[in-house]
Amino acid sequence: MAVVDYNAPQSVQEAVALLSGSDIKTKVMAGGTDLIIQSKSQAVEPLRVVDLKHIAEMMSYSLDDGGLSLGPCMCCAEFTALHDVETLYPGLVEAAYLIGSTQVQGRASIGGNLCNSSPAADTIPALIAIGAKCRIVGAGGERTVAVEDFVTGVGRNCMQSGELLQRILVARPAPGSRDAYLRFIPRTEMDIAVAGAGISVTLDSQGVCTAARVAIGAVAQTALLVASAADALIGTQLDDASVAKAAAAASAAASPITDRRGTIEFRRHIVGVLVKRATLIAKERAQASL
Amino acid sequence: MAKLHITTSINGEATEFLCEPHETLLDVLRNDLQMTGTKEGCGSGDCGACSVTVDGRLTCACLVLGVEAAGREIGTIEGIGGSDKLSVIQEKFLEHAALQCGICTPGLVVSTQALLEQNPNPTEAEARYFLAGNLCRCTGYDKIIRAVLDAAATMRGAA
Amino acid sequence: MSEAREFKYIGQSTIRPDGFDKVTGRANYGADLSLPGMIWGKILRSPHAHAMIKRLDTSRAEAFPGVLAVATHSDFPSVTDQAIESGEGSLTLLDLARNVLAKDKVLYHGHAVVAIAAKTSAIAEQALALIDIEYEVLKPVMDVREAMAAGAPILHPDMFTQGLAEKPTTASNVATRLEYKMGDIEAGFKDAEVVVEREFYTPTAHQGYIEPHACTVRYEKDGQSMIWCSTQGHFDVRASTAKLLGLDLGKLKVIASEIGGGFGGKTTVYLEPVALILSRKSGRPVKMIMDRDEVFKATGPGSATRSWVKIGARKDGTITAMQGRLAYEAGAFKGSPVMMGCMTAFTPYAVSNMYIEGFDVVVNKAKVAAYRAPGAPQAEFAVEMLVNELAVKLGRDPIDLRLQNAAKEGTQTIYGPKFKRVGLVECLEAARDSKHYQQALAANQGRGVAAGFWFNVGGQSSVHINMNPDGTGTIVEGSPDIGGSRASMQMMAAEAMGIEPGRLKPIIGDTENVAFSAGTGGSRTTFATGMAVIEAAEDVVAQMKQRAASMWNVTAEQVEWVDGVALNTAGEDRLSLAEICAGADRTGGQISGRGNINARGAGPSFAVHLCDVEVDKETGKVDVVRYTAVQDAGKAIHPKYVEGQYQGGAVQGIGWALNEEYIYGADGLLENAGFLDYRIPVASDLPMIDAIIVEVPNKFHPYGVRGVGESGIIPPLAAVGYAVENAIGVPVTDLPLSPPRVFNLIQGKG
């Protein structure tokens, strides 16, 4: 794809209008860290770009009693510096912090990560773990979809042509409820996840886990919400045996591939280790929030 | 393909250029503006040799379209140090022999400046993680990290 | 040089003379030159690892608006099968021509087939898609075992194994078989009470320089053709390109730009001859820059190897026999560094009985290029792993065991000469006495020790020093400065002339303004070009003395030269260098000194590294927690840049040991041609690397210099490898020790 036409709409309505009404392939751009690289690889096919970064609401966030409402194009560097968000959603901030280098974080956004819909995207399991929802807007109006239902395949999601992601919405976690995200890479930085795990747990005052969500990444065509792993945690004190059970459930749920980043066997094992470790981090945070 | 007329500011200087929509900011800087201090090592955001700032935020010029520079403030290596003086960071890189071939150095200087603006007193680990996107194949990073920490200490002392 | 001497400038860490330009972005590298009217060249590369080109039609591309020239292999005048000088590697002209543009057959994924020059790189890129090309895909051969097996697909039907007792009658993928021996290997093993042996594998690894190959060229019919390029040896670029295009050397000027890393990988040509053909055909200057994936697919890499090594020793620790068999991938054309592997493998040890054989094997991968101490890291990895195992079996400290068997002055090498004074023992002692070696290991940690040997080379270098009327001067040398060598040249000349280093400006001359100099490789620059610099500086001093003598009416022998000042021993007169330069118009014209040498007596540099790792046993991830690199510099001219060579070599080796490898699919296609998945170390992967400079002077260099560039990459493979073995308690045989491999070892599935 070679960019032949660049548009920078000032409003969502203008952007939606631009998404339909062209016979050239049209893509929205947030940070562009995936799109620009993709556009270089197949230089022949023409591409029309709609840059969303000039739309104020796409770049902003709000956090109140209702929770987090995030403009999907805010860059990760800005997002990870939001201390109020980090207090409540440390796992999501961790995931955003892991995307690429400092330089990449200066451009890349959570919305872009979500819409690029890579199986290895770091923020997707983290968003699923905290029950995040996508508000999608198009010519036909608005709709809201849970993140676990948003991504439908490798590089594919439920958005129809002419639609765009307008907002990412997350409920405010109660005291006793916190998240964590861990991924595994061969180096310490600059790699794509071999496997990832996003966890949120809710503890009551006795330390009993009353709710949990376990999401795993890079071990299937899409990030998976693993109910069986959460079930292994709910009703327990998140003791070693229960956590091990959750890890085993996550490994069992994984259906990874072998590629240049890892083998089936290794990914299956690693995702269990990550679930175990991330659960313990989430547990500690949840206890501290009580 | 019609070229687009872009008005921007580079290192504080009002600048205009013409570019095609597919050109990256890196292409524009290097080929259209002859500002070759910003280097290209990979074209995919993996090496950091083209580190620049856009509205003060560190990024890779190869991950930005040239047209996106419109109305922004771009910072490049050419804006650091003067014709006969160096910034503290540049001086420390030389003093610590923190470069061998030097191809990664402009990017590292730009990134280090961004680091120290954000965090004037980084730990060794913080410096290493912040700069993980700036690949250097010659030095093994030891002297780079020493230069960065020494520059930070010197700048704190001067402030 | 026989004993330690006092130096005025040498041994200080000055600010490098090219430093200002490099930290401000003013320094111009391979891709930084643009010329008026310049157009852009791009290359169509093979999508297959092994295929016949059945049909090639470039007419649609040629007709595309904006395309100005197309080049294919048929544009080379008939090249012959002669050997050419190509840095540290070896290649025939015919193979070189077929590597830069394929003839009839493509031999690796990314092999260049057609080049196009167009008004913009985007147009060139679009035109590449219009080339009609039909391949007949062949089965690829991706490993020495497959390549050497009976019935393997043959890459070159006209290649017969050299070095066999009987001349072979069938073509083979084995280009050469060679051997080195000393003493009686069987008697050596009979004498042994403990024997260790193992097979090892090292993967294809790339030099990983950050600057892609790039050049800007201009062909001129009247004999003023010019190439500006990033290279370790611009005279070699001139020789290769002139031969490929049938030009006289005098009609081609090559200018070495600043070079953004090479590590051996920029000692051969890829783009330059192609760009010059495009320029000849279009009549326009042509710029070519490789994309990063082209760099990984079609340049470098270093050889993947399979080796078997066996070592025998008596219970008292005396090693009695060392035997090995090394098979090195050459890539698509013959010429791996297996000979260097054979020559270096056992050389840190003084052992009477040695036998090693080597095989140079072609496979469907890019033709290997020199990579920092070419061939040595792979061979010495195998040996050093086993020496560590031997130490455990003998209940000995690994440094102590090495000290007992260390090569020293007078030790007979397997490749011919006896060692002059070398510094292995001093390096081992420094490692043993280091703070690092006294540190206790924590849980899940392991320690590895390894030694490394590299010859270093000399060869031809030319230098002249041109003085100015104010007493400043320019040092014109012909060795591209890849890591700060201009600083060393400046310091050595300053030392010889007795003036401040800052008074002398070192520059890299192009092929027209300095005489032939061999490329920057083999750790030769500070040694050999340094000797030429000293010779040129001494020539300047001799002329200064003569000029002073003529002004004082005494003989030159009556003039003494002290700290940059001529003193009349027959009187009170004194003239500074600046004064002599200022008055040179009255004494015979301005002064310039020359040094043209073919340097002999390069001093080997031994290195000893210590590595501590911590292994996450649940994931197999290895973290280097402590690292020390000890190496003999002979004399460190600029200590900080010497340390930098040790640290940089160590970290490249750590990367090779832990995560770097070419990953191929079953179809022979390279799957990780980028920095995202070819995982070189990043800043957060590493601790500080302690560097310890040992100085055992090389008496053949006026200041005692040994080369320092290469030995540092040799020990890390085994230092890291054995540290992991030590931490997990399972034998390590294959690199890289990436998390899945280490995890499998821990699980007993190695």
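The rules behind each value
- Residues numbered from 1 in each chain as written.
- Chains lettered and ligands numbered in written order.
- Predicted model: local features only at pLDDT ≥ 70, side-chain atom pairs only at ≥ 80, totals over all residues.
- Heavy atoms only, no water.
- Domains from an automatic or database assignment.
- Contact = heavy atoms within 4.5 Å.
- Buried area = accessible area lost by both parts, 1.4 Å probe.
- Axes fitted to C-alpha atoms, helices over the stretch in contact; angles between N-to-C directions.
- Helix = DSSP H or I, 4+ residues; strand = E, 2+ residues; numbered from the N terminus.
- Parallel < 35°, antiparallel > 145°, perpendicular 65-115°, else oblique.
- Left-handed = near helix turned anticlockwise from the far one by under 90°.
- Nonpolar A, V, L, I, M, F, W, Y, C, P; charged D, E, K, R; others polar.
- Salt bridge = Lys/Arg side-chain N within 4 Å of Asp/Glu carboxyl O.
- Polar contact = N/O pair within 3.5 Å; in protein donor to acceptor, adjacent residues only side chain to side chain.

(A) Structural view of the domain arrangement of chain C. Residues and elements named next belong to chain C. Along its sequence, chain C is organised into domain 1 (19-26 + 458-595), domain 2 (39-138 + 211-260 + 266-298) and domain 3 (305-361 + 375-456 + 603-746). Spacing between the C-alpha centres of domain 2 and domain 3 amounts to 36 Å. In this assembly, 18 residues from domain 2 lie in contact with 16 residues from domain 3. When the two sides are added together, the surface that domain 2 and domain 3 hide from each other amounts to roughly 1400 Å², 65% of it contributed by carbon and sulfur.

(B) Examining the packing of helix H7 (residues 234-245) of chain C against helix H8 (residues 272-282) of chain C more closely. All names here are of chain C. Two elements in contact, H7 and H8, have axes whose closest approach is 9 Å; the angle formed by their N-to-C orientations is 50°. Viewed along their axes, H7 and H8 adopt a mutual orientation that is oblique. H7 and H8 meet at a crossing whose hand is right-handed. Residues Val-237, Thr-241, Leu-244 and Leu-245 of H7 pack against Glu-272, Pro-273, Leu-276, Ile-277 and Arg-280 of H8. Considering only residue class, the contact of H7 with H8 consists of six nonpolar, one polar and two charged.

(C) Looking closely at the interface of chain C and chain B. Contacts between chain C and chain B engage 55 residues on the former and 48 residues on the latter. Both faces considered, chain C and chain B share a buried interface measuring about 4100 Å² in area, 59% of it formed by carbon and sulfur atoms. For chain C, the biggest contributors to the area lost against chain B are C:Val23, C:Ile210 and C:Met688; these three give 18% of the whole. Inspection of the chain C/chain B interface yields four salt bridges. A salt bridge links B:Arg137 to C:Glu660; its shortest N-O distance comes to 2.7 Å. Across the contact surface, chain C and chain B share 26 residue pairs in polar contact (both at pLDDT 80 or more). At the level of secondary structure, the elements contributing two or more residues to the side of chain C that touches chain B comprise helix H1 (19-24) and helix H18 (639-658) of chain C. When residues in the side of chain C that touches chain B are grouped by element, the largest group, nine residues, is from H18(C). Residues of the side of chain C that touches chain B, tallied by class, amount to 28 nonpolar, 18 polar and nine charged.

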